[in-house]
Amino acid sequence: MLGLAKRVKAKILQASTSEVYGDPVVHPQDEKYWGNVNPIGMRACYDEGKRCAETLFFDYHRQNNVNIRVVRIFNTYGPRMKANDGRVVSNFIVQALKNEDITIFGDGSQTRSFCYVDDMVKGIVNTMDMADFPGPINLGNPQEFTIKELAEKIIKLTNSVSKLQFSRLPEDDPARRKPDISLAKEKLSWEPAIGVDDGLKKTIEFFKKIIDE
Ligand code: UDP
């Protein structure tokens, strides 16, 4: 794709990820932080794959003047997620709507910061429209929750009688994740507008419809 972008002089965006920060020792994570990644672990193919893609983007930018944009996308959710793709927001909402146990991995003290999809799309469009800034740039919502708090919030919003069920934490699961979005605020005049309660309500409505079908 970078070769094609070079040939046709296209602007090209990499949907990178907060995973490039691995299990971060810096909190919140800003773009200057180089990350803490296990190169041979369970998540390495994802983390190192995205890191290597960033490297290639910046090499093409430096060597061939390719017009790149690299956005580091933090946890994002919203309507039209797949019910069975295993992500935490979709899993918990589907489980809560069916009054099944909520599957918390570990003790639920790990944190994530969840961005509603419409905010994310606006951030990405702004990045593509911005002149002469390759990134990388963090996009995400800095409102941080523990996974247990998220489960409790979803149970409440769905009026569910689901119970919390705790199981083993997957290997190298990051303990904390929260974007520092100062750069996005400065460069894109962007910050998320939709709080987690409103975003979850819209997402719950979507899953209610597809579960009833
Ligand atoms: N998680 C969980 N139960 C689930 C799915 C995920 O407790 O049914 C946890 C997972 O271990 C991680 C967090 O929720 O700590 C976010 O997981 P997800 O796969 O959505 O995103 P990522 O790990 O890439 O942040």
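The residue count restarts for each chain, going from 1 along the sequence in the order it is written. It should be noted that, the model being predicted, local features are given only for residues of pLDDT at least 70 and side-chain atom pairs only at 80 or more, the latter also being counted only at that level, while totals for whole chains, interfaces and linings use all residues. Side-chain measures were taken over the full set of non-hydrogen atoms in the model, leaving aside hydrogen atoms and water.

Visitor: Teacher, can you tell me more about the packing of aromatic side chains here?
Guide: Geometry of an aromatic ring pair is reported as the spacing of the ring centres plus the angle between the planes. Stacked, edge-to-face and tilted are the three classes for Phe, Tyr and Trp ring pairs, Trp counted by its six-membered ring, which pair at centre distances within 6.5 Å; planes under 30 degrees apart are stacked, over 60 edge-to-face, the rest tilted. Taken as a whole, this structure holds five aromatic pairs when the rule is applied. Considering the side-chain rings of Tyr21 and Tyr33, the 6.0 Å spacing of their centres and the 15° angle between planes classify their relative orientation as stacked. You can see Tyr21 sitting in the loop between β1 (11-17) and α2 (44-64) and its partner Tyr33 sitting in the loop between β1 and α2, a full twelve residues away along the chain. Taken as a pair, Tyr21 and Tyr33 share a single burial class, namely buried. Helix and strand assignments come from DSSP, with helices taken as H or I runs of at least 4 residues and strands as E runs of at least 2, each series counted from the N terminus. For every residue, the accessible area (1.4 Å probe, protein chains only) is compared with the maximum for its type, and the residue is labelled buried under 20%, exposed over 50%, or partly exposed between those bounds.

Visitor: How should I be thinking about unusual backbone geometry in this particular structure?
Guide: A negative phi angle characterises most non-glycine residues, just as the trans form characterises most peptide bonds. Each neighbour pair has its own omega, and for His27 with Pro28 the value is -10°, a cis peptide bond. The residue Pro28 is located in the loop between β1 and α2 in this model. In this chain, Gly135 is followed by Pro136 through a cis amide linkage whose omega measures 0°. By secondary structure assignment, the location of Pro136 is in the loop between α4 (117-129) and β7 (137-139). The phi dihedral of Asn65 falls on the positive side, at around 55°, and the residue is not glycine. For Asn65, the position within the fold is in the loop between α2 and β2 (67-73). Positive phi outside glycine occurs at Ser189, with the angle close to 50°. Position of Ser189 relative to the elements: it lies in the loop between α6 (182-188) and α7 (196-212). Relative accessible area serves as the criterion here: at 67%, Ser189 is assigned to the exposed category.

Visitor: What's the story with the pairing of β1 in this structure? I'm lost.
Guide: Successive residues of a regular strand alternate their side chains across the two faces of the sheet. With seven bridges joining them, β1 and β2 adopt parallel strand pairing. Bridge pairing in β2 links Ile12 to Ile68. You can see the chain leave β1, run along α2 and come back into β2, and the turn it takes is right-handed. Any two strands are treated as partners once DSSP identifies two or more bridges connecting them. We call a crossover right-handed when, viewed with both strands directed away from the observer, the connection leading from the first strand over the helix to the second proceeds clockwise.

Visitor: I'm lost on the site of the ligand in this one. Help?
Guide: A molecule or strand has a residue near it when one of that residue's heavy atoms lies within 4 Å. Around the ligand, a shell composed of 17 residues is seen, among which Thr103, Phe105, Arg112, Asp173 and Arg177 lie nearest. At a separation of 2.9 Å, an oxygen atom of the ligand approaches a polar side-chain atom of Asn75. In the analysis that follows, any N or O atom pair within 3.5 Å is treated as a polar contact, provided that within protein one partner can donate a hydrogen and the other can accept it, and provided that, for residues neighboring in sequence, both atoms belong to side chains. Between Asn91 and the ligand, the recorded distance is 2.8 Å, taken from a side-chain N or O atom to an oxygen atom. Here the open area of atoms and residues is found with the Shrake-Rupley method and a 1.4 Å probe, where only the protein chains shown may cover a residue. Here the ligand, which alone exposes 520 Å², has 89% of that area covered by the protein. Sorting the residues of the shell around the ligand by element identifies α3 (88-97) and β4 (102-105) as the ones contributing at least two each. The nonpolar class holds Ala, Val, Leu, Ile, Met, Phe, Trp, Tyr, Cys and Pro. Asp, Glu, Lys and Arg form the charged class, and all remaining residues, Gly among them, are polar. Tallied by class, residues from the shell around the ligand come to six nonpolar, five polar and six charged.

Visitor: Looking at this structure, how should I read the pattern of salt bridges?
Guide: Side chains bearing opposite charge may pair, as long as their charged atoms lie close to each other. For this analysis, a salt bridge means a side-chain nitrogen from Lys or Arg found within 4 Å of a carboxyl oxygen belonging to Asp or Glu. Tallied over the full model, the rule gives eleven salt bridges. Taking the shortest distance from any N to any O, the salt bridge between Arg177 and Glu19 comes out at 2.4 Å. On the criterion of sequence distance, the pair formed by Arg177 in the loop between β9 (164-167) and α6 and Glu19 in the loop between β1 and α2 is long-range, its members being 158 residues apart. For the residue pair Arg177 and Glu19, the accessibility class agrees, reading buried in each case. We note a salt bridge from Asp85 to Arg87, for which the minimum N-O separation is 3.2 Å. Residue Asp85 is classed as partly exposed on the basis of its relative accessible area, which comes to 36%. On the accessibility criterion, Arg87 (48% relative accessible area) is partly exposed. Members of the salt-bridge network, linked through shared partners, are Glu19, Arg43, Arg112, Asp173 and Arg177.

Nothing here speaks to function; it is geometry throughout.
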